[in-house]
Amino acid sequence: MDVSIKDKATKKAFDLALDLAYTHIKKDPQKGLLDVIKLFDDYLVPKSRQENTAKDAIDRIKKELADPQSKWSSFGLDMVQNVDENILKTLAKNLGYQAAYKGNAKRNALQKEHHCNIPWAILFDPTSACNLQCKGCWAAEYGQKNNLTYPDMKSIVSQGNDLGTYLFLLTGGEPLVRKEDILRLAKDFPDSEFHIFTNGTLIDDAFCQEVKKLGNLTFALSIEGTQASTDFRRGEGVYQKVIKAMETMQAHQLLYGVSICYTSKNYQYVTDDAFIQMLVDKGCKLAWYFHYMPVGKDADTSLLLSPEEREAVYHKVREIRSASYPKNIFTIDFQNDGEFVNGCVAGGKNYLHINSLGDIEPCVFIHYSDSNLREKTLKETLKSPLFMGFYHNQPFNQNLLKPCPMLENPGRLTQIVQASGAKNTDVIAQETPQDLQEKTTPYAQAWDKTAKKLWEKTHPQA
């Protein structure tokens, strides 16, 4: 049978099974949710059997959903009742069938053929422009200068699909400065999923109506913590605009969450139960927690957490994510969850970043590049010296609570950048990898003892 015909037939079977499972959810939510998980089991696991990670995850989800007292059974029902049906079904199709089933098969084959990383997701900046003037952010002054063209963005998604990548994350600047192009991109690529990191202030009813029709856009709204801390950094009244955006999205039954940068100044508040309850009340289903990274020549190192502070976040985020925690929200800790993805995810292992100038970087926090979108294909970039440096060195530490070559493993990033000849991509002030290493070394040395203690407690045989 022709490959394209077989793909269409398999996808149609998946879609029909998903529609049936969704019908079951409305009659018997617990059974219907188990039907959805079985569907993922049937399609996703055969392509991932060699690693068993997908099967293990699905088996855990089945176990949780089988328990009517579990938070995750309640969470699944909450999603079905309060998120638009088109959005949920499109998410399941794009991440379940396109990314996990079809995409992973293609990615695995290409990785074996080319002996390089192939990303699960691609993060890119449509623009460096922003409608706010946040303290400590360069976008307000420099942002109007740098944009990816629509053909650039279309090329990223098209090349990504050819590699088996169907999840695209958008940041900036403020990506919704380009909201018309983003809507157009989502329409042109209905089989891809787009997750937007946004300040939320440009979200309105008209935009939400378009998102609801398309079905393949989800969101993470940036929030600093309290109203006072948000308005101090982002401008008077911004906190209420973010809350208003959540309320508007909730009214339209969109799927969204928050993006939180935790620092030594705000880590207690942004993990507080009252804060989490506020997010849940406003309809948030996901919280990304990003450890503060001292990137940039004048970055404030006082915002780096002490070992005790980081350990507190480590425990609290896992508590919020646990089945026993009573609030329906899923949390991801970009730094402390390294053990679940085998360490550093950058350099195309799980994702890469493309800035608004077209520079292709290993990570949004690592501002070095030896390739540009307008000069190289993504496949060529993944085999470039910089990206192969990541491929040959991951994981950077056997203790996966020290995943990053920049933050927790002094010298590793310096070696890769120097060997590759990569340039610094900062638009304001160049920072050498040696300077960055000097800035992060005290933090790495301080965290080492706590990381070892935590790792040995959960991995005694490691």
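In the block above lies the structure referred to throughout.
First, a word on what this report is: a plain description of the structure on this page.

1. Quick word on a nonpolar patch on the surface
Inference 1: Together, Leu357, Val427 and Ile428 give the surface a local cluster of nonpolar side chains, amounting to about 210 Å² of exposed area.
Inference 2: Topologically, Ile428 is positioned in the loop between β11 (423-424) and α17 (433-458).
Inference 3: The exposure class assigned to Ile428 is partly exposed, which follows from its relative accessible area of 46%.

2. Some thoughts on the pattern of salt bridges
Inference 1: One pass over the full model with this rule turns up 19 salt bridges.
Inference 2: A salt bridge links Arg310 to Glu408; the nearest nitrogen and oxygen atoms lie 2.8 Å apart. Here Arg310, found in helix α13 (residues 307-321), pairs with Glu408, found in the loop between α15 (385-393) and α16 (412-420); they are 98 residues apart in sequence, far enough to count as distant. The pair Arg310 / Glu408 is uniform in exposure class, with both members buried.
Inference 3: The closest approach of N and O atoms between Lys316 and Glu319, which form a salt bridge, is 3.4 Å. Pair noted here: Lys316 and Glu319 are both in helix α13, with a separation of three residues, about one helical turn.

3. Considering the packing of α16 against α17
Inference 1: Relative to each other, α16 and α17 sit at 175°, their axes nearing to 9 Å. Compared by their axis directions, α16 and α17 come out roughly antiparallel. Here Leu413, Thr414, Val417 and Gln418 of α16 come into contact with α17, specifically with Pro433, Gln434, Leu436 and Gln437.
Inference 2: Looking at the contact of α16 with α17 residue by residue, the classes come out as four nonpolar, four polar and no charged.

Cut-offs used in this document
Residues numbered from 1 in each chain as written. Predicted model: local features only at pLDDT ≥ 70, side-chain atom pairs only at ≥ 80, totals over all residues. Heavy atoms only, no water. Patch = residues over 30% accessible without salt bridge, like charges linked within 9 Å, V, L, I, M, F, W, Y side chains within 5 Å. Areas by Shrake-Rupley, 256 points an atom, 1.4 Å probe, with all protein chains shown as cover. Salt bridge = Lys/Arg side-chain N within 4 Å of Asp/Glu carboxyl O. Helix = DSSP H or I, 4+ residues; strand = E, 2+ residues; numbered from the N terminus. Buried < 20%, exposed > 50% of the residue type's maximum accessible area, 1.4 Å probe, protein only. Axes fitted to C-alpha atoms, helices over the stretch in contact; angles between N-to-C directions. Parallel < 35°, antiparallel > 145°, perpendicular 65-115°, else oblique. Contact = heavy atoms within 4.5 Å. Nonpolar A, V, L, I, M, F, W, Y, C, P; charged D, E, K, R; others polar.

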